[in-house]
Amino acid sequence: MPRRYLTTPIYYVNDRPHIGHLYTTVVADALARFHRFLGEDVRFLTGTDEHGQKIEKVARAEGTTPQAVADRNAPTFQRLWKRFEVGNDDFIRTTEARHRRGVEALIARLDAAGDLYVASHEGWYCVGCEAFYPEKDLLDGRCPTHGTAAEWQKEENVFFRLSRYADRLLSLYEKGVDGRPFVYPETRLNEVRSFVASGLKDLSVSRTSIQWGIPFPSRPGHVVYVWLDALTNYLTALGFGSGDEGLVARYWPSGDGRGDVRAVHLVGKDILRFHAVYWPAFLMSAGVPVPSQVVSHGWWLRDQMKMSKSVGNVVRPDDLVESFGVDALRWHLLAEMAFGQDASFSDESFLARYNADLANGLGNTLSRVVRMAADAFGGKTPSERCDDNEVMRAAAKAASDWRRAFESYRLQEAADAIRALVTAIDGYLTAREPWKLVKAEGATPALHRIHHNALEGLRVAAVLLWPIAPAASAEVLRRIGCAAPEAGPREGDLEWGRIPLGAPLVPAPPLFPRADAKAYFAAHDAHKETPVTDQPKPGATPDGVAPSAPSAPSAQSANSPAGAAPAAPAAGVPAAAAAAAPPSAPSETPSTSPSAPAATSAEGGARITIEEFFRTDLRVAEVIAAEKVERSKKLMKLRVRIGEEERTLVAGIATAYSPEQLVGRKVVVVANLAPARLMGIESNGMVLAASLPGTGEPSLLAVDPSVPSGTKVK
Ligand code: ME8
């Protein structure tokens, strides 16, 4: 029987989980379910990474011990995975004794291979990544992933002879493992290959500047570098170094192609190098076969930046789950992100997809089909089956598309296949009009067959839904009169015609009630008036609107003084995002200019260079919808189109313009402004307006209507 070992990264315990962690874990869970569905022997591992400088820093700041921080946060991951029905077989914590033993065993092998030596070392370190960076890879001295300032660190370290393994690594990338590329997708394989081809330096694998870690064997004062410690979890969780290596033998590839055993590490692209370069090199040195594949996905972005605690732009799953349930979020994560690429997370797109795919799509079709069949056949499933019809063909196609999608990690396409099947069922019913037939002819055999097809199509859709949204899958099955197997469906359940004949149907309230986006945002914002990136301006009026007292004419933001508090960078927002703050937001940023060149502007403020000006991305936008913000005199919520993209922004122009005057109008917006939450609405950009002398009334900059939206203004 094929054996599959699937792992997620082990997450740092310096924080609670967010949507990014949830994504990887749900993808891994869906893959594990898919392999179980195929009847394979699956082991699924996740866990927490509890050592290192990051955790030590948090503990110091809190005046507690790193172990206490780990003990507090590790269970938040465990609880969330449980809530999301993640079926991991094991959860490893790197502070466990079984892990420490395994790390010591691996290090003993690296040492025996002659791959460890001591040398002094200095360089730029990013605590967020727990890694040194060559200066050329930093952006203005900041980490390219986290945007935080790198620290110069100098110490004596144990080094691993990584440089020795460059050729073997390149050959691994060239040949792959058992006929499959070692890194997926291919673009990532190319990145890793060129990293190694450009030359490998030996890697520092111990730290003396921190204490929180596994003591380095035979090196007093050194702790094991957190990545050597963490990566080894994939083996220690199988009992490596424990004396009982039964699970290693069962789930770790033998390296000689014996047996159909595959170990797949699922990771975000941020940690690909650790998994695709350092990890296989450690294993080669230790004489342990490399894993079968490292599969890397893209990032969930918020405001064009990787969602991460260091950046401070994370979305927690709590609110969405509270309102829409676990399966709605599982579905969204897997259906929305094209695997391997980055995707933006927004409540708006979540609600749109929820309504389209789940409320109007699957949920509505289910309610319709169950209600019609129950009415026609006394609350039971039909008693005639039909083995040649278009729903059957659509189900077979959906199943094969779905399978292909799972096999190549394109989970968004697996979701597409389910959606296509539901659409086909809908189309079939529309064409057959069973509601007319039942009125005209009663419950004829033909009517039985039509409903059989629709219900059976839904049953197949529910089976396909199982890896993605397991609870919803079981509920669909229950409502259409099928018992949902405890361990989930198996491949045989895709066979057409398995729905029991004459079994009780269970009409019930909508599985996914339609979401009222307006009501959701109103309720949500009433609870949470927290700014996304801005802090409330001192002296702002209760609706978040700053008192307006502009005295001289100035080209100003329609979101700022005459409107509401504009974006000011919050702590933790990297300079790149903060730099997009409006150059003309005088009342909020009166004297924050870090350097004051001699030249002054018309208002006497410091002049900026052309490069500084070009950091502001000005675009022509078309207003496609406008409405006054409730409880605010000045704010107008605008939906604008900037080229292909649509956005919501809030502008302080309601005293001067009505919604009717705005829709269809072209305006100039600052397109790269960090978002701000104004009266509970996330504003993504700012409309430019002049502030009229005396009154401060905004007057929108005029744009020739023939200029296409999205055009750059400079
Ligand atoms: O790196 N989008 O832990 P970590 C998508 N402990 N996925 C994201 C994400 C985002 N914005 N943010 C996080 C570590 N992730 C190490 C791993 S493994 C031996 C050690 C997911 O808590 C993604 O899988 O920073 C990413 O690789 C991982 O969380 C990083 O988690």
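Just above sits the structure.
Sequence order sets the numbering: in each chain, residues are counted from 1 along the sequence as written. Local features in a predicted model are, by the rule used here, given only for residues with pLDDT of at least 70; side-chain atom pairs are given and counted only at 80 or more, and totals for whole chains, interfaces and linings are based on all residues. The basis for the side-chain values is all heavy atoms of the structure; hydrogens and waters are excluded.

## Quick word on the pattern of salt bridges
Criterion for a salt bridge: a side-chain nitrogen of Lys or Arg within 4 Å of a carboxyl oxygen of Asp or Glu. The full count for this structure, using the stated rule, is 51 salt bridges. E407 is the salt-bridge partner of R403, the closest N and O atoms lying 3.2 Å from each other. Within this pair, R403 and its partner E407 are both found in helix α14 (residues 390–407), separated by four residues, close to a single helical turn. Assessed through its relative accessible area of 31%, R403 is described here as partly exposed. Whether a residue is buried, partly exposed or exposed follows from its accessible area with a 1.4 Å probe, protein chains only, as a fraction of its type maximum: under 20%, in between, or over 50%, in that order. Accessibility expressed as a relative area gives 47% for E407, which makes it partly exposed. Of the charged contacts, one joins R459 and E456 as a salt bridge, the two residues approaching to 2.8 Å between their closest N and O atoms. On the criterion of helical spacing, the pair formed by R459 and E456 is a turn pair, its members being three residues apart in helix α17 (residues 445–465). Across this residue pair, the class does not change: R459 and E456 are buried. Here the salt bridges do not stand alone but share partners, grouping E336, R353, D357, D416 and R419 into one network. Helix numbering and strand numbering both begin at the N terminus, where a helix is a DSSP run of H or I of at least 4 residues and a strand a DSSP run of E of at least 2.

## Notes on the site of the ligand
We call a residue near a given molecule or strand whenever any one of its heavy atoms falls within 4 Å of it. Surveying the vicinity of the ligand reveals 24 residues, the closest of which are I10, T24, D49, W300 and M307. What qualifies as a polar contact is a pair of N or O atoms within 3.5 Å, subject to a donor-acceptor requirement within protein and to the restriction that residues adjacent in sequence count only when both atoms come from side chains. Residue W300 places a main-chain N or O atom 2.8 Å away from a nitrogen atom belonging to the ligand. A 1.4 Å probe and the Shrake-Rupley method give the accessible areas. Residues count as covered only by the protein chains that appear here. A total of 670 Å² of accessible area belongs to the ligand in isolation, and the protein chains cover 96% of it. Only β1 (3–12), α1 (19–37), α7 (226–231) and α8 (233–236) provide two or more residues apiece to the shell around the ligand. Among the elements that line the shell around the ligand, the one with the most residues is β1, at four residues.

## Notes on unusual backbone geometry
Across the junction of Y184 and P185, the peptide omega takes the value -5°, indicating a cis bond. With respect to the helices and strands, P185 occurs in the loop between β7 (183–184) and α6 (186–197). With phi around 60°, S218 is a residue other than glycine that occupies positive phi space. We classify S218 as exposed; its relative accessible area is 70%.

## Comments concerning the environment of M679
Summarising the element assignment, M679 is placed in the loop between β21 (676–678) and β22 (681–683). Judged by relative accessible area, M679 falls into the buried class, the value being 15%. C-alpha of M679 to C-alpha of A522: the two residues are 157 residues apart in sequence and 9.8 Å apart in space.

## So, the packing of α6 against helix α10 (residues 272–286)
At their nearest, the axes of α6 and α10 sit 11 Å apart, and the two run at 55° to each other. Classed by the angle they form, the pair α6 and α10 counts as oblique. Seen from above, α6 lies across α10 with right-handed handedness. Contact residues: α6 offers R188, V192, F195 and V196, while α10 offers L272, R273, A276, V277 and Y278. Under this scheme, a helix contributes an axis fitted over its contacting stretch, all axes are lines through C-alpha atoms, and angles between N-to-C directions fall in the 0 to 180 degree range. Each angle gets one of four labels, with under 35 degrees taken as roughly parallel, over 145 as roughly antiparallel, 65 to 115 as roughly perpendicular, and the rest as oblique. We call a crossing left-handed when the near helix sits turned anticlockwise from the far one by less than a right angle, and right-handed when that turn is clockwise. When checking whether two residues touch, look at their non-hydrogen atoms; a contact exists if any pair is within 4.5 Å.

## Topic: the sheet that holds strand β14 (residues 305–306)
On the basis of which strands lie adjacent, the open sheet formed by three strands has the order β14-β13-β15 and mixed pairing. The sheet is open, and its two borders are formed by β14 and β15 (343–344), each paired with just one other strand. Bridge analysis of strand β13 (residues 300–302) against β14 gives two bridges, and the strand direction is antiparallel. Opposite L301, over in β14, you have K306 as the bridge partner. Here, a strand pair is defined by DSSP locating no fewer than two bridges between the strands.

## Overview of the environment of G213
Following the sequence through the fold, G213 ends up in the loop between β9 (206–207) and β10 (223–224). Looking at G213, the relative accessible area reads 15%, which means it is buried. G213 sits 158 residues away from I55 along the chain, and the two C-alpha atoms are 10.0 Å apart. Leave out the neighbours within four places in its chain, and G213 touches H51 and V223.

## As for the environment of A414
Among the secondary structure elements, A414 is positioned in helix α15 (residues 411–432). A414 sits in the buried class, given a relative accessible area of 0%. For A414 and A335, which are 79 residues apart along the polypeptide, the C-alpha to C-alpha distance reads 8.0 Å. Among all residues touching A414, those that are not within four sequence positions of it are W402, A405, F406 and I468.

## Quick look at helix α12 (residues 326–336)
Buried residues dominate α12, accounting for ten of its eleven residues. Along α12, the residues that are buried comprise V326, D327, A328, L329, R330, W331, H332, L333, L334 and A335.

## Regarding the sheet that holds strand β12 (residues 293–297)
Spatial ordering of the open sheet is given by β3-β2-β1-β11-β12-β7, a layout of six strands whose pairing is parallel. Either end of the sheet is taken by a strand with one partner, and the two such strands are β3 (90–93) and β7. One ladder, built from five bridges, connects β1 with strand β11 (residues 261–268); its direction is parallel. Bridge pairing in β11 places R3 opposite V261. Of the strands in this sheet, β1, β2 (41–49), β11 and β12 are in contact with α1, which crosses β1 at around 170°.

## Re α10
Helical periodicity: at 3.6 residues per turn, an α-helix aligns residues three or four positions apart in one direction. The end-to-end C-alpha separation of α10 is 21 Å, in line with the 21 Å expected for 15 residues at 1.5 Å each. Along α10, the helix axis deviates most sharply at Y278, where the bend reaches about 30°; the proline P280 sits within four residues downstream. Taken across its 15 residues, α10 has 14 buried, putting it largely inside the fold. G287 lies just past α10 and shows a positive phi near 75°. Working rule for helices: expected span equals 1.5 Å times residues minus one. Throughout, the bend at a residue refers to the angle made by two axes, fitted to the seven residues ending there and to the seven starting there.

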